[in-house]
Amino acid sequence: MATRLGNKEIKLVSTNAEIGEMLAELNNIRPSVISVDTEGWNICRDGTLSLLALCWNEGLIYVIDVQELGSHSFTRIENTAVNSRWSSVKEILEDFTTLKLFCDPRSDSDALYHHYGVHLKNTFCVQLAEVGVRRQNGHTTRYVKGGKKITLEYGGLSGAEMVEWERLDREASAKFFPDKGGSYENLTNRPLSSLALKYSALGVLHLKNIYEKLEGRLSRRGKEWVKEESRKRVEEFRLPSIKKGKHRAIAPAHWD
């Protein structure tokens, strides 16, 4: 199943063979930066992880159907080429040399580790980078901004793209989220709907643009702070329990 979102093709990965094809492209390109996002119900150790979106190509987004593939989404593909750098999605996500971009990796990390034993490495949280940029500009910053605000401010969207992004976000929220009148079952129903596929891809569509704009504005010390605080967010999977709530919107302490 393939569809389009903006100028990118979205490919659904739901078989071992398709995982192998995706890994072959990754090993051929060997990207230094990969955008990552997940979708599911209450994404964490206590919830579910249904979809994993990856983007490293200017014209292509892969959406892995974790609900269908289960652990095979992350396990080793035996027929990968001898000189391949990666033989599984797990190896990519745990690679120290490849930067993984997230809006906020905390829930993703908790779900990936506790459900599939994936320990994220070398991550960059754009939510924290945005905090760093505001603080460098002299603003007192107690809270982080949400992904929507960051995307619309730093994603480099044209007027038409902004209208389309907001339309898709609104339609998906009304379809998939109970607090907006939707149902999570609409995201778990198979075959996967075009709307679900596009919504999953939406989380990575502009991440690299956001990263490049924010990272370019950070000082050396600011970049070090984002790197360390991103690592701390990932490592929250080690906590005995995860409590979601408004307290998670409080930004980490300043680096001074």
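In case you missed it, the structure is sitting above this.
Below is a short write-up of the structure. This one's a predicted model, so the numbers in the text were calculated from it and none came from an experiment.

### Looking at the pairing of strand β3 (residues 33-39)
Here β3 lies mainly inside the structure; 7 of its 7 residues are buried. Burial along β3 is two-sided: V33, S35, D37 and E39 facing one way and I34, V36 and T38 facing the other are all buried. Examined bridge by bridge, β3 and strand β6 (residues 99-102) share 3 bridges and lie parallel to one another. Among the inter-strand pairings, S35 is bridged to a residue of β6, identified as L101. Of the pairings in the sheet, the one linking β3 to strand β4 (residues 51-57) comprises 5 bridges and is antiparallel in character. Pairing of V36 across the sheet is with L54, part of β4.

### Concerning the environment of E164
Of note, E164 is situated in helix α7 (residues 159-176). Given a relative accessible area of 34%, E164 falls into the partly exposed group. Distance from E164 to G6, taken between C-alpha atoms, is 8.6 Å for residues 158 residues apart in sequence. One polar contact links E164 to R167, side chain to side chain, over a distance of 2.5 Å.

### Topic: the layout of surface pockets
Quantified by volume, the largest pocket comes out at close to 1200 Å³. In terms of lining, the largest pocket is formed by 35 residues, of which the most central are D37, C103, G146, G147 and Y199. When contributions to the lining of the largest pocket are tallied by element, the ones reaching two or more residues are β3, α4 (106-116), α5 (126-136), α6 (147-154), α7, α9 (194-205) and α10 (207-217). Tallied by class, residues from the lining of the largest pocket come to 14 nonpolar, 11 polar and 10 charged. Lining the second largest pocket are 27 residues; nearest its centre among them are N7, K8, L205, H206 and N209. Going through the elements one at a time, β3, β4, α7, α9 and α10 are the ones with two or more residues in the lining of the second largest pocket. By residue number, the principal contributor to the lining of the second largest pocket is α7, which donates 5 residues. Here the residues of the lining of the second largest pocket sort into 13 nonpolar, 8 polar and 6 charged.

### With respect to the nonpolar core
Core analysis: the biggest nonpolar cluster contains 46 residues, and V63 and F124 have the highest contact counts within it. Looking at which element gives the most residues to this core, the answer is α9, with 8 residues. Beyond its immediate stretch of four places on either side in the chain, F124 contacts L99, K100, L101, F102, A129, Y211, E215, L218, V226 and S230.

### Regarding the pattern of salt bridges
A complete count under the given rule lists 19 salt bridges for this structure. K148 is the salt-bridge partner of D169, the closest N and O atoms lying 4.0 Å from each other. Of the two residues, D169 sits in helix α7 while K148 sits in helix α6, which places them 21 residues apart along the sequence. With a relative accessible area of 41%, K148 lands in the partly exposed category. For the salt bridge of R167 with E171, the shortest nitrogen-to-oxygen distance reads 2.6 Å. Note that R167 and E171 are positioned in helix α7 at a spacing of 4 residues, about one turn of the helix. Take R167: its relative accessible area is 27%, and that puts it in the partly exposed class.

About the cut-offs
- Residues numbered from 1 in each chain as written.
- Predicted model: local features only at pLDDT ≥ 70, side-chain atom pairs only at ≥ 80, totals over all residues.
- Heavy atoms only, no water.
- Buried < 20%, exposed > 50% of the residue type's maximum accessible area, 1.4 Å probe, protein only.
- Helix = DSSP H or I, 4+ residues; strand = E, 2+ residues; numbered from the N terminus.
- Pairing = 2+ DSSP bridges.
- Polar contact = N/O pair within 3.5 Å; in protein donor to acceptor, adjacent residues only side chain to side chain.
- 1 Å grid on protein atoms, 1.4 Å probe; cavity = no way out; pocket = protein on both sides within 12 Å on 5 of 7 lines; lining within 4 Å.
- Points joined across faces, edges and corners; volume = space filled by probe spheres on them.
- Nonpolar A, V, L, I, M, F, W, Y, C, P; charged D, E, K, R; others polar.
- Core = buried A, V, L, I, M, F, W, Y, C linked by side-chain atoms within 4.5 Å.
- Contact = heavy atoms within 4.5 Å.
- Salt bridge = Lys/Arg side-chain N within 4 Å of Asp/Glu carboxyl O.

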